[in-house]
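Chain and residue survey
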Amino acid sequence: MEIKTDSYRVIQADENSTIKLEGALRLSGMEEYAPIVDLFNQVVDSSVEKITLDLRELEFLNSSGINVLSKFVIKIRQKQNIQMIVQGSQKVAWQGKSLKNLQRLMPTLQLKWE
Amino acid sequence: MITLYGDFVEETLGEQAYLAIGFSPSSVPLKQRWRNNGLSADFLADYFSTFFPAADQESDEINQRDELRGTVSYIANELLENAMKFNYERSSYPINIRLYLYPDHLVFLVTNSISPKQAESLQKRIQQLLHEDSESLYLQTLEQNAEQDILECSGLGLLSMINDYGAKLSWKLELLPLEIPLMLLTTRVELAVDGFGAY
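Described below are features of the structure shown in this document. (Residues numbered from 1 in each chain as written. Chains lettered and ligands numbered in written order. Predicted model: local features only at pLDDT ≥ 70, side-chain atom pairs only at ≥ 80, totals over all residues. Heavy atoms only, no water.)

Concerning the pattern of salt bridges
Residues and elements named next belong to chain A.
- Taken as a whole and judged by the stated rule, the model has 16 salt bridges over all chains.
- Among the salt bridges present, the one from Lys20 reaches Glu22, with a minimum N-O distance of 3.7 Å.
- Relative accessible area serves as the criterion here: at 18%, Lys20 is assigned to the buried category.
- Look at Glu22 and you get buried, because its relative accessible area is 15%.
- Members of the salt-bridge network, linked through shared partners, are Glu2, Arg9, Lys20, Glu22, Asp54, Arg56, Glu57 and Glu114. (Salt bridge = Lys/Arg side-chain N within 4 Å of Asp/Glu carboxyl O. Buried < 20%, exposed > 50% of the residue type's maximum accessible area, 1.4 Å probe, protein only.)

Focus on the interface of chain A and chain B
- Listed per partner, the contact involves 28 residues of chain A and 34 residues of chain B.
- For the pairing of chain A and chain B, the buried interface totals around 2600 Å² over both sides, and the portion due to carbon and sulfur atoms is 51%.
- On the chain A side of the contact with chain B, Arg26(A), Lys91(A) and Lys97(A) bury the most area, a combined 23% of that side's loss.
- Linking chain A to chain B there are four salt bridges.
- Between Arg26(A) and Asp42(B) there is a salt bridge, and its shortest N-O distance comes to 3.1 Å.
- One can count 14 residue pairs in polar contact (both at pLDDT 80 or more) joining chain A with chain B.
- Sorting the residues of the side of chain A that touches chain B by element identifies α1 (29-45), β4 (50-61), α2 (63-79), α3 (93-98) and α4 (100-105) of chain A as the ones contributing at least two each.
- Broken down by element, the residue count for the side of chain A that touches chain B peaks at eight residues, all from α2(A). (Contact = heavy atoms within 4.5 Å. Buried area = accessible area lost by both parts, 1.4 Å probe. Polar contact = N/O pair within 3.5 Å; in protein donor to acceptor, adjacent residues only side chain to side chain. Helix = DSSP H or I, 4+ residues; strand = E, 2+ residues; numbered from the N terminus.)

Overview of the environment of Thr108(A)
- Topologically, Thr108(A) is positioned in the loop between α4 and β6 (110-113).
- Spatially, the C-alpha atom of Thr108(A) lies 7.8 Å from that of Gln83(A), the residues being 25 residues apart in sequence.

Describing the sheet that holds β6(A)
Residue and element names in this part refer to chain A.
- Taking strand neighbours across the sheet as the criterion, the six strands line up as β1-β2-β3-β4-β5-β6 in an open arrangement whose pairing is mixed. In this open sheet, the two edge strands, each paired with only one partner strand, are β1 (2-4) and β6. Across the sheet, the mean angle from the axis of one strand to that of its neighbour is 15°, orientation sign disregarded. (Pairing = 2+ DSSP bridges. Axes fitted to C-alpha atoms, helices over the stretch in contact; angles between N-to-C directions.)

Notes on the sheet that holds strand β3 (residues 95-101) of chain B
All names here are of chain B.
- An order of β1-β5-β6-β4-β3-β2 is seen for the six strands of this open sheet, with the pairing classed as antiparallel. Looking at the sheet topology across the chains shown, the edges are occupied by β1 (2-5) and β2 (17-23). Here the average twist between neighbouring strands, direction ignored, is 15°.
- Against the sheet, helix α2 (residues 64-86) makes contact with β2, β3, β4 (105-114) and β6 (182-192), and its axis sits at roughly 10° relative to β4, the strand it touches most.
- Sitting on the sheet, helix α3 (residues 116-131) touches β1, β4, β5 (168-176) and β6, and the angle it makes with β5 is about 155°.

Quick look at the structure:
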């Protein structure tokens, strides 16, 4: 599955267990984030054992988007049996500043830097 | 009547470089204007980042210019999103953002009007932001937000500037003596750029 607009792209791969986000996500509030939230919820509710979230090419994310990612991580944490990997890039400013918070929400989450 | 929260200082025009962008709130509906927040934020970021050196592109580390660009873009975008979202629709006061560049720090100032009712809830949030531990407040906000199905406001924008970017926030709230009571809110964000390089 793929969501694509002029400014961002969300791609699912590896039998849906990898989600890749690209571009700039600055949508206005939760209503506009709904299609992405739905995609995240489907992944959490499927029977995957491991989820990889690839953010390396996500150059901008606003705080509403940070909230969406955080909620996704909390839902995975609540499932207790899903392994979570987040791939980030040190070259993207917001990631260096804010990604560590996802690990605080879910200490078993693996943060892989590139 | 003017009330200040945190260490709010007015900028006096000296030799520092600054940029200001103003928006007339009545001109275009909020939804259509949303894209402008990102464009304006990127413009401020691109403009000011040229004052900082770009380092070796081969390095794995982020260079100072890209870090500054990303940081200015994030903060300016969040401030504009808030200003557009909470601006009092009955007021025709313009919304504006100003960014000042000093040798060792940056100052963002965003002004918009808010309703007296909005000002009450804002004052509560300001007290939390000024006096509570930012990391606990951040995690607590994320956990609380995750329990809500419908969320109008994440409450993360200003908090992330403090917690993730080490910014210092302060506010000026001014009650205007008009027929319809109106508050003018200025949010000030100060960010150290020590070590970013020469200006």
